[in-house]
Amino acid sequence: MMESVDEITPSPTLEESFYLISKKNTIYRVKLSEKGICLQKECSGIIKTQTVLLEDIVGCRCMRSRRYQQKCKWRPRINKKSPNQLEEEENSSVLWDDSDISVWFHIYAYIIKKGKVFTHKKRDRMVITLRFRSYDRYEDNLKEAQKWKVTLKYLMSSLHTGTIPSCYFLPSDIKIDNKLLVILNPKSGIGKAREVFQSKVVPILDEAEISYYLHCTTHAHDAQSLVRKENLWQYMGGIVVAGGDGILFEVINGLMERPDWSTICSQIKLGIIPCGSGNGLAKSIAHANNEPYDQNPVLVSALNIVHGNCTQLDLVRVETKNQVLFSFLSIGWGLISDVDIESERLRGIGSQRFTIWSVAKLIGLRSYRGRVSYLPIAMDQLIIHEDLDARSIASEDERRDSFYSVVSRKSTYLSVTSSSYESLSEEAAKTFGPTSGLPPLNQSLPPSWTSIEGHFVLVHASYPTHLMTDCYFAPSAKLDDGCIWLCIIRAGISRPHLMQFLVGLSNGSHVKVPEAEMIPVSALRIEPEAGQLTVDGEAVDLGPLQAEILPSAVKVFARG
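Just so it is clear, the model here is predicted, and its values are computed rather than measured.

Draft legend 1. Here's a closer look at the overall build of the protein chain. Counting its regular elements, the protein chain contains 14 helices and 22 strands. A total of 560 residues make up the protein chain; the buried ones form 54% of that total. Residue pairs in contact within the protein chain that sit at least 24 positions apart in sequence constitute 76% of those at least 6 positions apart.

Draft legend 2. Seen up close, the packing of helix 3 (residues 222-229) against helix 4 (residues 245-255). Axis separation between helix 3 and helix 4 bottoms out at 7 Å; the angle between their running directions is 30°. Taken together, the axes of helix 3 and helix 4 lie roughly parallel to each other. As for how helix 3 packs across helix 4, the hand of that crossing is right-handed. The segment helix 3 lies against helix 4, with Asp222, Ala223, Gln224, Val227 and Arg228 engaging Ile247, Glu250, Val251, Asn253, Gly254 and Leu255. The class makeup of the residues in the contact of helix 3 with helix 4 is five nonpolar, three polar and three charged.

Draft legend 3. Local environment of the pairing of strand 7 (residues 103-114). Extensive coverage of strand 7 is indicated by the burial of nine of its 12 residues. Bridge count for strand 5 (residues 57-64) against strand 7 is seven bridges, and the pairing is antiparallel. If you follow Arg61 over to strand 7, its bridge partner there is His106.

Draft legend 4. Focus on helix 3. The element helix 3 is largely enclosed, with a buried count of six among its eight residues. Buried within helix 3 we find Asp222, Ala223, Gln224, Leu226, Val227 and Arg228.

Draft legend 5. Up close: the packing of helix 2 (residues 193-207) against helix 7 (residues 297-307). Where helix 2 contacts helix 7, the axes come no closer than 10 Å and their chain directions differ by 35°. Considering only the axes of helix 2 and helix 7, their crossing is right-handed. For the pair helix 2 and helix 7, the contacting residues are Val196, Lys200, Val201, Ile204 and Leu205 in the first and Val298, Leu299, Ala302, Leu303 and Val306 in the second. Of the residues assigned to the contact of helix 2 with helix 7, the class counts are nine nonpolar, no polar and one charged.

Draft legend 6. Structural view of the confidence of the model for the protein chain. For the protein chain, the mean per-residue pLDDT works out to 80, and 74% of the residues sit at or above 70. Across residues 74-95, where pLDDT falls below 50, the model places 56 contacts with residues more than four positions away in sequence or in other chains.

Draft legend 7. How the structure looks around the nonpolar core. If you look at the biggest cluster of nonpolar residues, it comprises 68 residues, and the most contacted ones within it are Ile183 and Leu524. The residues touching Leu524, leaving out its near neighbours within four places in the chain, are Ser373, Tyr374, Trp449, Ala461, Ile484, Leu486, Leu545, Gln546 and Ala547.

Draft legend 8. Seen up close, the environment of Val556. Mapped onto the elements, Val556 comes out in strand 22 (residues 545-557). Judged by its relative accessible area of 2%, Val556 falls in the buried class. Sequence spacing of Val556 and Ile305 is 251 residues, and the spatial spacing of their C-alpha atoms is 8.9 Å. Filtering out sequence-adjacent residues up to four positions away, Val556 remains in contact with Leu270, Ile285, Asn309, Cys310, Thr311 and Leu313.

Draft legend 9. Geometry of the side chain of Thr129. Mapped onto the secondary structure, Thr129 falls in strand 8 (residues 121-132). Thr129 sits in the buried class, given a relative accessible area of 0%.

Calculation rules
- Residues numbered from 1 in each chain as written.
- Predicted model: local features only at pLDDT ≥ 70, side-chain atom pairs only at ≥ 80, totals over all residues.
- Heavy atoms only, no water.
- Helix = DSSP H or I, 4+ residues; strand = E, 2+ residues; numbered from the N terminus.
- Buried < 20%, exposed > 50% of the residue type's maximum accessible area, 1.4 Å probe, protein only.
- Contact = heavy atoms within 4.5 Å.
- Axes fitted to C-alpha atoms, helices over the stretch in contact; angles between N-to-C directions.
- Parallel < 35°, antiparallel > 145°, perpendicular 65-115°, else oblique.
- Left-handed = near helix turned anticlockwise from the far one by under 90°.
- Nonpolar A, V, L, I, M, F, W, Y, C, P; charged D, E, K, R; others polar.
- Pairing = 2+ DSSP bridges.
- pLDDT = per-residue confidence, 0-100.
- Core = buried A, V, L, I, M, F, W, Y, C linked by side-chain atoms within 4.5 Å.

Encoded structure:
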């Protein structure tokens, strides 16, 4: 009886030579190790070598030959056929070529290639196809191919951090599953999110053999309600949103309305497939890891999710007179917020709506009266935070525990064991999430704060680097630097300088405009008399608003 895949022991390294019947002078030498796959082609004395890094491989499959000829090969190629159309050896419904005892081993990778422009890079799909036929029986060749599959899977799991450490606290009656929960907003951007997901993301998930449950939103706050009530322990693979920044905003706020918000946020990773108009966070994650995002945003983001690695992400607790919100992107008042909200009527043209409306607002420039207060961070404090990032995992856990210790209900959420949250009411949901360390909105601020009163053209705060794909708003920001980057432009700025600021947003040179103050802060308060306030691009009621940083509050999929 043949061994099952689970009974095969992985090897430290594997090496094999492959031949082509049609080319007797060609030998393919393939070596699999913890670094990746080394491919060496020898043909008539000429040797060509290529190494595919382990971190660029997403999955592999053993397949039986059908009634057409295949060749041992490797080369980048366009994904014309979804992997779910390829038949594995276990599928008995396919007409196999019984005369062929070969087993075909496919390895799927996405490697960095130079683009058409010299300075640009992109990721191309590469399929390595190896033919195992050393033995006289199909079953023996299958066993040999499966040894390569098990070893490759083992090396990949050792490299990536997608497994759940046993030290995590889990309620006793909850079943763990590494399935993904994918929440898709079919109306994001220009309304093509469903098509993008099916054509560009599903094939990659299939190659990586990652299971998922897809939920398409049907109305506003649908994602927030789902995340608040759902048993998320069955989706320990992570929560992925396919849409714009707005759908992720709903998910994060839904998480914070759960009684087990702290445990969930510390264990379940969040991901985003950019299908919206802005896609600020997706771009910021790629920028932080030097990934070629602009050439294929969906591919880069999908690969982040497939590899399972993660990084910490700061959130910001935002409080108004009527509500508490949790933000991952920005807070705005003035010019950028006006453009964001008023350009909604042009949503059908995609991200170009921001450029068109910015020009219109520049012609009819407005300023708003109010007061802006903030608690500044010294630059040496930011450097200290960077040093903290190099500490061990144990030190990071200690830092996270210190952050959550400010919450008085810690003993409450640790005792939660129910896996169903259907009975959680709207009123009860508001009692969860991190509590504030700031004075109430109706009280004055301490002397350590700085206050500015007058007329403002723009007040905008960002935590990641990018507000949108082409808006490099906070060049010095990091995903987990514990800092809010506050930009203030007061009334009186000339239109040429304001135009210089808007043009400079694409490459970060806007920070050189003299009238644009970029200030690192840990908390802020805005008291506007007119205008529009936005949080993560969503309008909120005009009135006093204050915000504070929540360092490393959640985990997001990231390649680094």
